[in-house]
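Observations on chain architecture
Listed below, chain by chain, are the residues.
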Amino acid sequence: MDPDLSALDEALGSAGADGYLVDADSTDSDQLYLSGFDAPDPFLTLYEDGAVHLLVSSLEYGRAQTESRADSVARLADYDYRSKVAEHGRAEGRHRVVAEFLDDHGVESVVVPERFPVGTADGVRERGVGVAADESEVVTDVRATKTDEEVEHVRTAQRANEAAMRAAEDLLAAASVEDGILQYEGEPLTSERVTEEIEMTLLRRGAALDETIVACGADAADPHDRGSGPLAADEPIIVDIFPRDKASKYHADMTRTFLRGDPSDELRERYDRTHEALEAALDAIEPGATGEDVHDAVCDVYEDAGYATLRSDPDAETGFIHSTGHGVGLDVHELPRLSPSGGELAPGHVVTVEPGLYDPEVGGVRIEDLVVVTEDGYENLTDYPVELVLD
């Protein structure tokens with residue numbers, strides 16, 4: 001199913017522009033989304049009048065024809081690229097090709113992403129093409145509403161994620177305890193060893209990640225501390241995994257907090273309140289609710305229990321010190337936001353729900369599920385138990 005780009009059409013109409021132009025490789029998620037083409041080197045995607053047109057190197061021409069969602073694919077060689085480079089130099093030669101490519105499609109003005117090569121912009125401007133920056137991030141906004149196919153891609157990534165979380169949990173549960181440190185196969189069990197188990201499991205499931213979080217004790221009190229070194233008993237261990245499916249390029253995201261041993265009364269209370277906050281946030285998710293509404297539901301639970309939030313104290317360094325969640329798709333962090341600035345939720349939005357409490361004196365606690373907003377509420381894409389103490 002092709003994406004609904006009507007919002008992009010409206011944005012181009014409002015800007016008085018003929019087309020939307022992207023000059024990037026496919027690690028740029030807007031480029032991958034518009035073109036449907038995965039390539040390691042920069043190429044051009046032009047969207048105009050409901051159609052997608054690509055300009056690629058000869059190396060990628062055949063693959064672009066068969067793999068992309070473009071209505072047409074042209075090669076640099078179709079515009080005498082080599083002779084232009086020989087006569088004018090590589091940069092100017094390419095700019096002349098781009099201008100001719102736009103002229104072929106009757107495009108005299110384009111909107112481009114806010115982050116766009118300045119050389120390309122200046123080069124086509126010199127040849128009479130109007131260029132305006134897209135300050136509204138319209139393609140990123142369009143990407144927030146997932147098709148059924150995209151939701152399935154996220155679901156597939158999440159199943160791999162759950163297998164990796166199970167592998168991490170099993171490793172923690174299998175460890176023994178000596179002098180307050182977890183031991184596995186005669187050696188201290190470290191964050192790095194658990195991360196390795198996560199990565200190997202994901203690879204077997206067709207997914208991968210650049211980094212993950214396995215953070216224990218005081219390390220877990222920093223929401224984005226990746227964790228390092230031996231893992232301790234009687235302290236919380238946050239495991240946050242956010243892999244990307246290698247085939248579809250879509251992400252998943254999930255966090256659980258585990259503990260081997262006996263939690264303190266304060267830690268248990270923080271965990272229980274975080275679980276309550278998760279449920280309150282889920283109860284608030286439905287079409288028409290805003291990301292701010294969901295975030296407020298979490299803050300209400302924490303503040304009623306006496307914990308600081310950034311809503312109650314913008315300078316807080318302990319307590320609930322981040323937003324409630326974010327969109328997940330081709331990027332692991334994308335629209336919409338479950339935060340004080342979060343807008344209205346709609347069917348097809350895929351979001352994390354991840355309340356947490358942090359204090360170096362106690363450690364960190366975070367629980368994260370991944371859900372898709374539906375016509376009458378939400379579907380939880382996460383199928384994994386919520387439990388603190390591992391036997």
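Structure: above.
In this numbering scheme, every chain counts its residues from 1 along its sequence in written order. At least 70 in pLDDT is required for a residue's local features to be given in this predicted model, at least 80 for side-chain atom pairs to be given and counted, and no such filter applies to totals for whole chains, interfaces and linings, which use all residues. The basis for every side-chain value is the complete set of heavy atoms in the structure, and neither hydrogens nor water enter the calculation.

**Considering the overall build of the chain**
Let me state the cut-off plainly: Only DSSP runs of H or I with at least four residues qualify as helices, and only runs of E with at least two residues qualify as strands; both kinds are numbered from the N terminus onward. For the exposure calls, accessible area comes from a 1.4 Å probe over protein chains only, and a residue counts as buried if that area is under 20% of its type's maximum, exposed if over 50%, partly exposed in between. Contacts: residue pairs with any heavy atoms within 4.5 Å of one another. The protein chains shown are the only cover counted for residues, whose accessible areas, like all others here, come from Shrake-Rupley with a 1.4 Å probe. Positive charges come from Lys and Arg, negative ones from Asp and Glu, while His and the chain ends are left out of the count. A single reference atom marks each charge: NZ on Lys, CZ on Arg, CG on Asp, CD on Glu.
A tally of helices and strands in the chain yields eleven helices and 22 strands. With the principal axes as the frame, the chain shows a C-alpha extent of 75 × 45 × 35 Å. Here the chain holds 391 residues, and 53% of them are scored as buried. Sequence separation of 24 or more characterises 61% of the internal contacts of the chain that already satisfy a separation of 6 or more. By element, 42% of the accessible surface of the chain is carried by carbon and sulfur atoms, the whole surface being about 17,100 Å². When the 31 basic and 88 acidic side-chain charges of the chain are each reduced to a single mean position, those positions are 7 Å apart.

**What about the pairing of strand β17 (residues 350-353)?**
Operational definition: We treat two strands as partners when DSSP finds at least two bridges between them.
Here β17 shows no split at all, with V350 and T352 on one side and V351 and V353 on the other all buried. Examined bridge by bridge, β17 and strand β20 (residues 369-374) share four bridges and lie antiparallel to one another. Note on β20: the bridge partner recorded for V350 is V372.

**Quick notes on the pattern of salt bridges**
Definition in use: Salt bridge criterion: a side-chain nitrogen from Lys or Arg within 4 Å of a carboxyl oxygen from Asp or Glu.
According to the stated counting rule, one finds 32 salt bridges in the structure shown. Across the pair E92 and R96 runs a salt bridge whose closest N-O atoms are separated by 2.9 Å. Taken together, the residues span about one helical turn, with E92 and R96 both in helix α5 (residues 90-104) at a distance of four residues. Exposure remark for R96: the relative accessible area of 29% places this residue in the partly exposed category. The residue E92 makes a salt bridge to R127 at a minimum N-O spacing of 3.2 Å. Note that E92 is positioned in helix α5 and R127 in the loop between α6 (118-125) and β6 (130-134), a separation of 35 residues in sequence. By relative accessible area, E92 is classed as partly exposed at 30%. Exposure remark for R127: the relative accessible area of 28% places this residue in the partly exposed category. The network of salt bridges with common partners includes D30, R143, K146, D331 and E334.

**Regarding the sheet that holds strand β9 (residues 187-188)**
Ordered in space as β7-β8-β9, the three strands form an open sheet in which the pairing is antiparallel. Each end of this open sheet is capped by a strand with a single partner; those strands are β7 (176-178) and β9. Both β7 and strand β8 (residues 181-184) contribute to a ladder of three bridges, which runs antiparallel. Directly across from S176, in β8, lies its bridge partner Q183.

**Some points on the nonpolar core**
What counts here: To qualify as a nonpolar core, a set must consist of buried Ala, Val, Leu, Ile, Met, Phe, Trp, Tyr and Cys residues joined through side-chain atoms within 4.5 Å.
Ranked by internal contacts, the top residues of the largest apolar core, which has 35 residues, are L8, Y20, L54, V56 and V350. Ignoring anything within four residues of it in the chain, the contact list for V350 reads A144, K146, V151, V154, H326, G327, V328, P336, L370, V371, V372 and L381. Counting residues in each nonpolar core, the second largest holds 27 residues, with L267, I285, A297 and C299 among its members.

**Brief notes about the sheet that holds strand β12 (residues 237-241)**
Inclusion rule: Helix axes are fitted to C-alpha atoms over the stretch in contact, other axes to C-alpha atoms as well, and angles between N-to-C directions run from 0 to 180 degrees.
Spatial strand order, β11-β12-β14-β22: four strands in an open sheet with mixed pairing. Edge positions in the sheet fall to β11 (213-216) and β22 (389-390), since each of these pairs with one other strand and no more. Both strand β14 (residues 254-260) and β22 contribute to a ladder of two bridges, which runs parallel. Considered in β22, the bridge of R260 is made with L390. On the sheet, helix α8 (residues 148-174) packs against β12, β14 and β22 and is oriented at approximately 10° with respect to β14.

**With respect to the side chain of E169**
To keep things clear, this is the line we draw: We call two N or O atoms a polar contact when they sit within 3.5 Å, provided that within protein one can donate a hydrogen and the other can accept it, with sequence-adjacent residues counted only if both atoms are side-chain atoms.
Looking at the element boundaries, E169 is found in helix α8. Within the structure, the side chain of E169 is placed 2.6 Å from the side chain of Y384, a separation counted as a polar contact. If we ignore the near neighbours within four places in the chain, the residues touching E169 are F258, Y384, E387 and L390.

**Describing helix α3 (residues 58-67)**
Note the cut-off: As used here, the arc is the angular range of directions from the helix axis to the C-beta atoms.
The set of residues buried in α3 consists of E60, Y61 and A64. Projected onto a plane normal to the axis of α3, the buried residues spread over an arc of 125° and lie on a single side. Facing away from the buried side of α3, by more than 90 degrees, are the exposed residues L59 and T66.

**What about the packing of aromatic side chains?**
The test is simple: Only Phe, Tyr and Trp rings are paired, with Trp represented by its six-membered ring, and only when their centres lie within 6.5 Å; those with planes under 30 degrees apart are stacked, over 60 edge-to-face, the remainder tilted. Charge-over-ring placement is defined geometrically: NZ (Lys) or CZ (Arg) within 6 Å of the ring centre, and within 35 degrees of the ring normal.
Scanning the entire structure with this criterion turns up four aromatic pairs. On the numbers, 6.5 Å between centres and 90° between planes, the contact of Y302 with Y307 is edge-to-face. Each member of the pair Y302 and Y307 is classed as buried. Ring geometry for Y302 versus F320: centroids 5.3 Å apart, planes at 50°, classification tilted. Remark: F320 occurs in the loop between α11 (291-304) and β15 (325-327) and Y302 occurs in helix α11; sequence separation between them is 18 residues. Of the two residues, Y302 and F320, both sit in the buried class. Here a set of aromatic residues connected by ring pairs shows up, and it is made of Y302, Y307 and F320. It is R75 that lies over the ring of Y61; its NZ or CZ is 4.3 Å from the centre.

**Some remarks on the packing of helix α10 (residues 265-284) against α11**
Applied cut-off: Angular relationships are summarised with four words: roughly parallel below 35 degrees, roughly antiparallel beyond 145, roughly perpendicular across 65 to 115, and oblique for the angles in between. Crossings are classed by handedness, with left-handed meaning an anticlockwise turn of the near helix from the far one by less than a right angle and right-handed meaning a clockwise turn.
The N-to-C vectors of α10 and α11 enclose an angle of 150°; their axes lie 8 Å apart at closest approach. Here α10 is positioned roughly antiparallel relative to α11, judged by the angle of their axes. When you trace α10 past α11, the crossing you get is right-handed. Residue-level contacts link R273, T274, E276, A277, A280, A281 and A284 of α10 to D293, V294, A297, V298, V301 and Y302 of α11.

So yeah, pure geometry; function would need other evidence.
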